[in-house]
Amino acid sequence: MNKNKIFIFAIIAILLLLGIIGTICVFIFVHIIWPLILVGAIVFILEVAFALRIVISPRSNYAKASWMIVILVFPVIGLLVFIIFGVYPLRKRQRKTYLKQQEEIINFEDFSFSEEARFNETYNWIFNYGLKHQHKPIYKNNTIKIIADNTQLFEESIKLIRSAKHYINVQSYIFSYEGFWSKIFFTELIKKANAGVKVRLIYDWLGAHKRVNNKIFKQLHEYGVEVACFNPKGLTQFKGATNYRLHSKFVIVDNKYALYGGSNFADEYLSMNRDNCHWRDLNYLVSGPIVNTMNITFINYWTVFCRSKNHEASKQNILNDTRLIFRKNDFAQTNTVAQLLVFEPDFNEFALENALLHAFYNAKKSIKILTPYFCPPNSIIEALKACHNQGIKIEIIAHNKNQKYVQMMNRENYKKLADMGASVYEYDGYLHSKCIIIDDTYVLTGSCNVDWRSIYLDFESELIVYDQEFTNNVLKVYEDTKQNSTLQTSQMLGEKLNLWSRFLLKLLNFGKSLF
């Protein structure tokens, strides 16, 4: 009997223990495991949704692959990073506004010569890409004067402002009020505004950060200069959209004359900074109908991508201002044919990359490149390799004063070409010139570096010029730069890096494609 009681009590104890364990298991499942399963399912669904979004997004294949790795390897953190830096909710609205305005404002261009030029077998190939894919007109009767001297750049910028009779439109990535160039330039703008000239200025808040106090721009506005901020900070300040910067530079006067090129308004661009002596850049004084395309580009930036005080009224004013509409001025009769290509990230995707590929694959004898940064996508490297294999001479002159890891990325890229026999030089100073010369005949020049940022992220422009006299003058600048540069051999570029440097280089190459 006692044994039976003990047995029964044992069974009851076991059942109670199992009940407690079961209850605990149910509690854990309901309150811990099930929520984890639910969270895991939600994360999985989000991963699939964002992966599909990445696949159909207008990004390079390399960027798509990089984002997919981030999302799949780091499920939660990767999704957060993508939402913050990879999604741009306002872009669709901007795109519609931009494309609608493009349709309207293109009527201010003159395509009469473009129809003639597209059948000219001598140079139509270099211009037809922009005509077909960007609907950019081709103009003749232009005058383009090279400004390779820094002192001359300062003098021409001030002289140009003083010549204005109706209006001045200025845009630049950097204004630096610490130095003397921007101070004098702003003073001249105020004088013209007080004299009744309409003055508009676009600045990039990131380029002006810690260089110009916002009070300066407010003072300009108070003195009559209309000031607008490109891609202003706000909700986008800490998002990937901050990477979209205005890198194209114009000073446009009366839709007749323009200062165009690579220089920003800071003293280092005049070689006046002790840390940046021997600065070399390429800028141009432009007159002729091609200035109209520059002016229309400025109007597009002002109305779509900028914000200013009383911006809606300002937008209507600039669109209705009849002085901005194209007029057939009495330009000098010249043989200089030119076209301005404009590159806006996510509005004409891959346009700069495709324009460069088009130029390289159509080269017959030589490709000469001046660029401070040479970190292009693989498609550009492969195109240059293919050209070299066909017997086309490849030369690159780059900058040797970059920050350490930027320099490492430069050298990693042009070593691939040096290994094949291409000639690679590094300028013994500060090279900021941006220029590509095809077959010693055609020139592509402006604000574009041959790097990832210019090709995919920055708002850029490139002037294509066909005129042998102009090209010869550019070639003189190129050869003079080469004389002051050092040839980089494969052995020199093959310097072994320590483990930490190799890791950072890989990380930088991976990270550049994400933004």
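The model shown is predicted, which means the values in this text are computed figures rather than measured ones.

A.B. asks: Now, about the overall build of the protein: what can you tell me, with residues and values included?
C.D. replies: In terms of helices and strands, the protein carries 19 helices and 20 strands. Looking at the protein residue by residue over its 515 residues, the buried ones come to 54%. Considering only intrachain contacts with a sequence separation of at least 6, the fraction spanning at least 24 residues in the protein is 81%. As displayed, the protein offers around 24500 Å² of accessible surface, 59% of which is attributable to carbon and sulfur atoms.

A.B. asks: Which residues make up the nonpolar core, and what values do they have?
C.D. replies: Counting 100 residues, the largest nonpolar core has F360, I367 and I438 as the members making the most contacts within it. Here the element with the most residues in this core is helix α11 (residues 290–305); it accounts for ten residues. Once you skip the residues sitting within four places of it in the chain, I367 turns out to touch F360, L384, C387, I392, K393, I394, E395, I436, I437 and I438. In this structure, A164, F185, A193 and Y430 belong to the second largest nonpolar core, which totals 40 residues.

A.B. asks: Explain the pattern of salt bridges to me, using residue names and the numbers behind them.
C.D. replies: Between side chains of opposite charge, pairing is possible as soon as their charged atoms come close. This model, assessed by the stated rule, comprises 17 salt bridges. The salt bridge involving K482 is made with E479; its shortest N-O contact spans 3.5 Å. On the criterion of helical spacing, the pair formed by K482 and E479 is a turn pair, its members being three residues apart in helix α17 (residues 468–483). Accessibility expressed as a relative area gives 15% for K482, which makes it buried. A cluster of three or more residues bridged by salt bridges with shared partners is formed by K368, K393, E395, D440, E479 and K482.

A.B. asks: Describe a nonpolar patch on the surface, with residues and values.
C.D. replies: Together, I69, L72, V73, F74, V76, I77 and L80 give the surface a local cluster of nonpolar side chains, amounting to about 700 Å² of exposed area. Where the nonpolar patch is concerned, the elements lending two or more residues are α2 (61–73) and α3 (75–85). If you trace the backbone, L72 turns up in helix α2.

A.B. asks: An account of the sheet that holds strand β11 (residues 366–370) is requested, with residue identities and associated values reported.
C.D. replies: Taken in spatial order, the eight strands of this open sheet run β10-β19-β17-β16-β11-β13-β14-β20, and their pairing is mixed. Every interior strand has two partners, whereas the edge strands, β10 (337–343) and β20 (485–487), have only one. The mean angle between the axes of side-by-side strands here comes to 15 degrees, regardless of whether they run parallel or antiparallel.

A.B. asks: Please set out the sheet that holds strand β2 (residues 167–172) residue by residue, giving values where relevant.
C.D. replies: With mixed pairing, eight strands are arranged side by side in an open sheet as β1-β8-β6-β5-β2-β3-β4-β9. Looking along the sheet, the strands with just one partner apiece sit at the ends: β1 (143–147) and β9 (306–308). With direction set aside, neighbouring strand axes in the sheet form an average angle of 20 degrees. Two strands pair when backbone bridges link them, and strand β6 (residues 257–261) and strand β8 (residues 283–287) are joined in this way by five bridges, in the antiparallel orientation. Bridge pairing in β8 links Y260 to Y284. Set on the sheet, helix α8 (residues 180–194) makes contact with β2, β3 (198–204) and β5 (249–253); between it and β3 the angle comes to about 145 degrees. The strands touched by helix α10 (residues 214–222) are β3 and β4 (226–230); relative to β4, the strand with the most contacts, the crossing angle is about 140 degrees.

A.B. asks: Describe helix α6 (residues 124–133), listing the residues and the values that go with them.
C.D. replies: With seven of ten residues buried, α6 is to be regarded as a mostly interior element. Among the residues making up α6, those that are buried are N124, W125, I126, F127, Y129, G130 and L131. Elements in contact with the buried residues of α6: α5 (112–117), β10, α13 (351–361), β16 (435–438), β17 (442–446) and β19 (460–466).

A.B. asks: Mind laying out the packing of aromatic side chains, listing which residues take part and the relevant values?
C.D. replies: According to the stated counting rule, one finds 25 aromatic pairs in the structure shown. Measuring from centroid to centroid gives 5.6 Å for F250 and Y260, while their planes differ by 20 degrees, and the two rings are stacked. A residue pair is termed long-range when its members are at least 10 positions apart, and F250 in strand β5 and Y260 in strand β6 qualify at ten residues. Y260 carries the same exposure label as F250, and that label is buried. Clustering of aromatic rings is evident, with ring pairs tying together F175, W181, F185, F186, Y203, F217 and F265.

A.B. asks: Lay out unusual backbone geometry with the relevant residues and their values.
C.D. replies: In the Ramachandran plot, H135 falls in the positive-phi region, its phi being about 55 degrees despite a non-glycine side chain. For H135, the location among the structural elements is in the loop between α6 and β1. Residue classification places H135 among the partly exposed positions, given a relative accessible area of 41%. Phi angles above zero are rare outside glycine, and N255 is one such case at about 55 degrees. Within the secondary structure layout, N255 lies in the loop between β5 and β6.

A.B. asks: An account of the packing of α13 against helix α14 (residues 378–389) is requested, with residue identities and associated values reported.
C.D. replies: Closest axis-to-axis distance for the α13/α14 pair is 10 Å, and the angle between their directions is 5 degrees. Taken as axis vectors, α13 and α14 run roughly parallel relative to one another. Residue-level contacts link E353, L356, L357, F360 and Y361 of α13 to S379, I380, E382, A383, L384, A386 and C387 of α14. Residues belonging to the contact of α13 with α14 are distributed by class as follows: nine nonpolar, one polar and two charged.

A.B. asks: Just give me the short version of α8, but keep the residues and values in it.
C.D. replies: When the terminal C-alpha atoms of α8 are compared, their 21 Å separation across 15 residues agrees well with the 21 Å that a helix rising 1.5 Å per residue should span. Within α8, the full set of buried residues consists of W181, S182, F185, F186, E188, L189, I190, K192 and A193. Tucked inside the fold, the buried residues of α8 contact α7 (150–162), β2, β3, α10 and β5. G196 sits one or two positions beyond α8 and adopts a positive phi of about 100 degrees.

What counts and how
Residues numbered from 1 in each chain as written. Predicted model: local features only at pLDDT ≥ 70, side-chain atom pairs only at ≥ 80, totals over all residues. Heavy atoms only, no water. Helix = DSSP H or I, 4+ residues; strand = E, 2+ residues; numbered from the N terminus. Buried < 20%, exposed > 50% of the residue type's maximum accessible area, 1.4 Å probe, protein only. Contact = heavy atoms within 4.5 Å. Areas by Shrake-Rupley, 256 points an atom, 1.4 Å probe, with all protein chains shown as cover. Core = buried A, V, L, I, M, F, W, Y, C linked by side-chain atoms within 4.5 Å. Salt bridge = Lys/Arg side-chain N within 4 Å of Asp/Glu carboxyl O. Patch = residues over 30% accessible without salt bridge, like charges linked within 9 Å, V, L, I, M, F, W, Y side chains within 5 Å. Pairing = 2+ DSSP bridges. Axes fitted to C-alpha atoms, helices over the stretch in contact; angles between N-to-C directions. Phe/Tyr/Trp six-rings, centres within 6.5 Å; stacked < 30°, edge-to-face > 60°. Parallel < 35°, antiparallel > 145°, perpendicular 65-115°, else oblique. Nonpolar A, V, L, I, M, F, W, Y, C, P; charged D, E, K, R; others polar. Expected span 1.5 Å × (residues − 1).

Taken by themselves, the reported measurements are silent on function.
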